[in-house]
Each structure stands twice: as C-alpha cells, then as structure tokens.
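Observations on the model geometry
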Amino acid sequence: MNKPFVKGLAGVIVDETKISNVEGEFGRLSYRGYEVHELIEKQSFTETVWLVLFGEFPNPEQNSNLNKFLIENSELTNFETEILKSIPKETHPMLVLQSLVPILNLKPKSEITLPFNQAEAIQGLVVCAKIPSLVANFFRLKNGLDLVKNSDSNSVHENFLFTFNGKKPSEKEIKTLDATQVLQMEHSFNASTFAGRITASTLSPVQSMISAAIGTLYGKLHGGADEAALKMAQEIGSPEKAKDFVSNALAKKIKIMGMGHREYKTVDPRAKVLKPMAEELTKGTKFETEFQTLKAVENAMQVEMEKRQKEIWANVEFYKGAVFHTLGIPPEFFTTMFAMARSFGYLAHFLESRLDNKLIRPKAFYTGETIRKI
Ligand code: COA
C-alpha cells in the first residue's frame, strides 16, 4: 500500500529560511549567501556569528562589542558552578549541556545593541556565551582539575581553550578552532535545528529551544557521529586494518560513522575543509595513525560503494575528531564542541521563527486498531 507520508521527512520542505542554504547536489553550503570556505578565510568567527544571526556583516564596533559581550558573559555564576560540581562525573557531557542550559541565569553582565528582537537575542547570546564554560568546567571537574578563571582573552576561542586546557593557546590553535566552529555553525533544517524550531513554535523561551536542539544533536546519526567516528578509528587501530573492517561492517549492515548524509550527494563541503586540516595538524603527532586510519576507511568505503553503485561520502563528523584531538579535546567532548558552534545557528532559527511564528503540529497516519468496545 502506498503510504501518505514520507518516512523521516526525507526531501520534504517544511518551512522557509534565509539563514543558510545546503545545496546537496553541488556539495555547497552557504550562510546568508556566502560560502563557508570563504567565510573561514576572510571573516572572523564573531563576524560570521553576527552574519548568521542578523543577515549582514557587523560594522567594526558591532563586531568588537559582540566579541566583548560573549567573553564577559561566559563566566558561570556560583550557583551554576555548584550545580556542575554536583553532577556525577560519568554523565555524558552532552546530557550535562542539555540539562543545564534551561536553568542558566540569563541576566546579561553587560549591554549590547542588536539589530532586532533585542531582549530574546540577548538571552540567546548569554546561553551561547555560557555553553563554552559549561563544557570547559565540566571537563576540568571530571578530570579532577581546578577550574580556571577567564584570562584576559582577546577572542571567544582563546577564552575557551584557556579555560578548557588551563594554558594560553597558540594563534594556530585559535585559528583552527575558529575554522571548525564556523564550519559547524549552521546547517538549515537539520534534525536538531528542526527540533529546536518545533520547540520555539510553541512560544517556549530560547533556553528551552536550545536545550531541545542539543538533546537531538547528541544522537549518533547526527552530531554524536563525531565521537563515534574517532572511536571507530581507535578500535580499528591502523590503516592496514581498515579495508577488512569496512567490508565486514557493510556485510553485517553496520553503518560507518561519519559517512553518508541525507542532503549531500557528493562530498560534504565541510569534510573537504576538515580533511587537509586534520592531515596537517596530526602529521608527526601521536594522532597521525588515527588520521591515516580514517583516510583508509574513507578509501575502502569508496571502493565498496563503487561496487554497489552507491554514493556515500565522508560528512563533517568524519575528520573533525582528529582536528579536535590535536587541540587537547577528548572524544567524549567532541559533540559538545559541535553544540557550542551550532548554538548560534539555533539562536538564528529561534529569531527567524519569531518573525512569523506558526505552531508546528503535523499529523500522523494512524495504523492502530479501529474503534472497539471495552
Ligand atoms: N555506512 C554504511 N551504509 C550507509 C551509511 C553509512 N554511514 N549511510 C547510509 N548508508 C546506506 C544505508 O545502509 C542505506 O542502504 P540501503 O538502501 O541498502 O538500506 C542507504 O545508504 C541509505 O541510508 P539511510 O540511513 O536510509 O539514509 P538517510 O538519509 O536516512 O541517512 C544518515 C543519513 C546520516 C543518517 C546516514 O548516512 C548515517 O547513518 N550515517 C552515519 C551516521 C553519521 O555519520 N551521521 C552524521 C551525519 S552529518
């Protein structure tokens, strides 16, 4: 029987957006009309945040104010820190984020003038500012390390890397993180953003929207694939073993994490940027074998897919872990790095949905029992 719905909403257009465009057939991703690789090369992280949120680049004063606002508001309150300390250390960091975002204190420590929806945009920016501190502080508590107070950092990611690793990062590390976070900032109606938009459509506040989205991002079929892909490479152990691993996995219908995408029918443009970056950063380090193993998995997958006449390519999650590892970030925290960047995308969708809100409430095709008597 032909069912009157599309499973998983694959290919179904559910609303309109001006924020980003995923052109799967060309392997192109753009934010507000600018391709991501160009944004990485030519604009700063906060300029891209402003663009994604408000549609135009900020002027120098707006950009500097945003940078200052995000750093100043990143510090957690004593109450927030105490809650973080009381969470069992074995809790997955993504569950920590999802549960703490809704109870953050959203009163800003400083003022900032934004182009529209001032009050809700400020609250959202405070959430985005505090997420890096939740991540860094939970990492340090989990590992029995002292919490590090904000240094006098010049940028959001200098601030994050300092509070995470407890030492001043190099310019190269800051630039690397800026690039990965621009790449992951926004991706149209992906599963977590859609979950967030559903939440926003009920007129829930921004912190509920971001928390719902983070809960959705955690899954292995979505953001959680970054942790799973790197752990897979570690399990395989060396590039020579990749071919057998891939053919065994495919024979058992086990998915290779970090491969395949609902929208991209060619290589994911984000993976295109991340692969050479991972290669350069891991060269000569203890992470080189991980990178080479991933590369061998990708090659083996290409061979297998050609045989099956299928198109399955590496996605953004595949090489990201190798990059994050070189920044001192362990696999369990990879997806929280994704959440840190994507929180700005979630906020952009929150603000866009508020401009023309309509409750999202679809129908289901009922296949249960017909009415019967008790
Ligand atoms: N490894 C092996 N086979 C894969 C695959 C992968 N990573 N991704 C897709 N396939 C295969 C499926 O088994 C299926 O084969 P079939 O038609 O013989 O049953 C076919 O390709 C279609 O996959 P499906 O999962 O139905 O497509 P989708 O559009 O729902 O899936 C993903 C998109 C991302 C969920 C899927 O590619 C996947 O699970 N990838 C791994 C997880 C991941 O990296 N997620 C991050 C995405 S950014």
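Above: the structure in question.
In this report, we go over the structure that sits alongside the text. These numbers come from a predicted model, not from an experiment.

Quick look at the pattern of salt bridges
Scanning the entire structure with this criterion turns up 19 salt bridges. Across the pair Glu158 and Lys168 runs a salt bridge, and its minimum N-O distance is 2.7 Å. A residue pair is termed long-range when its members are at least 10 positions apart, and Glu158 in helix H7 (residues 156-165) and Lys168 in the loop between H7 and helix H8 (171-183) qualify at 10 residues. Look at Glu158 and you get buried, because its relative accessible area is 6%. With relative accessibility at 58%, the residue Lys168 sits in the exposed group. One salt bridge connects Lys275 with Glu298, and the closest N-O pair in it is separated by 2.9 Å.

Digging into the site of the ligand
Taken together, 18 residues surround the ligand, and among them Lys255, Ile256, Gly258, Met259 and Arg262 come closest. Between the ligand and the protein, one listed contact pairs an oxygen atom with a side-chain N or O atom of Lys255 at 2.5 Å. Interatomic distance of 2.7 Å between a backbone N/O atom of Ile256 and a nitrogen atom of the ligand. Protein burial of the ligand: of its 860 Å² of free accessible surface, 68% is covered by the chains. Broken down by class, the residue content of the shell around the ligand amounts to 8 nonpolar, 5 polar and 5 charged.

So, the pairing of strand S2 (residues 28-31)
Two elements, strand S1 (residues 20-23) and S2, share 4 bridges in a ladder whose sense is antiparallel. The partner of Val22 across the bridge, within S2, is Leu29. The hairpin formed by S1 and S2 contains 4 residues between the paired strands, and Gly27 there has a positive phi angle of roughly 65°. Relative to strand S3 (residues 34-35), S2 is paired through 2 bridges, and the arrangement is antiparallel. Bridged to Ser30 within S3 is Glu35. Linking S2 back to S3 in an antiparallel pair, the connection comprises 2 residues, with Arg32 at a positive phi of about 50°.

A word on the packing of aromatic side chains
Tallied over the entire structure, the rule returns 14 aromatic pairs. Aromatic side chains Phe45 and Phe344 sit 5.7 Å apart centroid to centroid with 80° between the ring planes, which places their arrangement in the edge-to-face category. You can see Phe45 sitting in helix H2 (residues 45-54) and its partner Phe344 sitting in helix H16 (residues 334-355), a full 299 residues away along the chain. Residue classification places Phe45 among the buried residues on the basis of a relative accessible area of 5%. When its relative accessible area of 3% is taken as the criterion, Phe344 is described as buried. Taking the centre distance of 5.9 Å and the plane angle of 40° together, the rings of Phe324 and Phe334 count as tilted. With Phe324 in helix H15 (residues 316-326) and Phe334 in helix H16, this residue pair connects regions lying 10 residues apart in the sequence. As far as the burial class goes, Phe324 and Phe334 line up, both buried.

About the criteria used
Residues numbered from 1 in each chain as written. Predicted model: local features only at pLDDT ≥ 70, side-chain atom pairs only at ≥ 80, totals over all residues. Heavy atoms only, no water. Salt bridge = Lys/Arg side-chain N within 4 Å of Asp/Glu carboxyl O. Helix = DSSP H or I, 4+ residues; strand = E, 2+ residues; numbered from the N terminus. Buried < 20%, exposed > 50% of the residue type's maximum accessible area, 1.4 Å probe, protein only. Near = heavy atom within 4 Å. Polar contact = N/O pair within 3.5 Å; in protein donor to acceptor, adjacent residues only side chain to side chain. Areas by Shrake-Rupley, 256 points an atom, 1.4 Å probe, with all protein chains shown as cover. Nonpolar A, V, L, I, M, F, W, Y, C, P; charged D, E, K, R; others polar. Pairing = 2+ DSSP bridges. Phe/Tyr/Trp six-rings, centres within 6.5 Å; stacked < 30°, edge-to-face > 60°.

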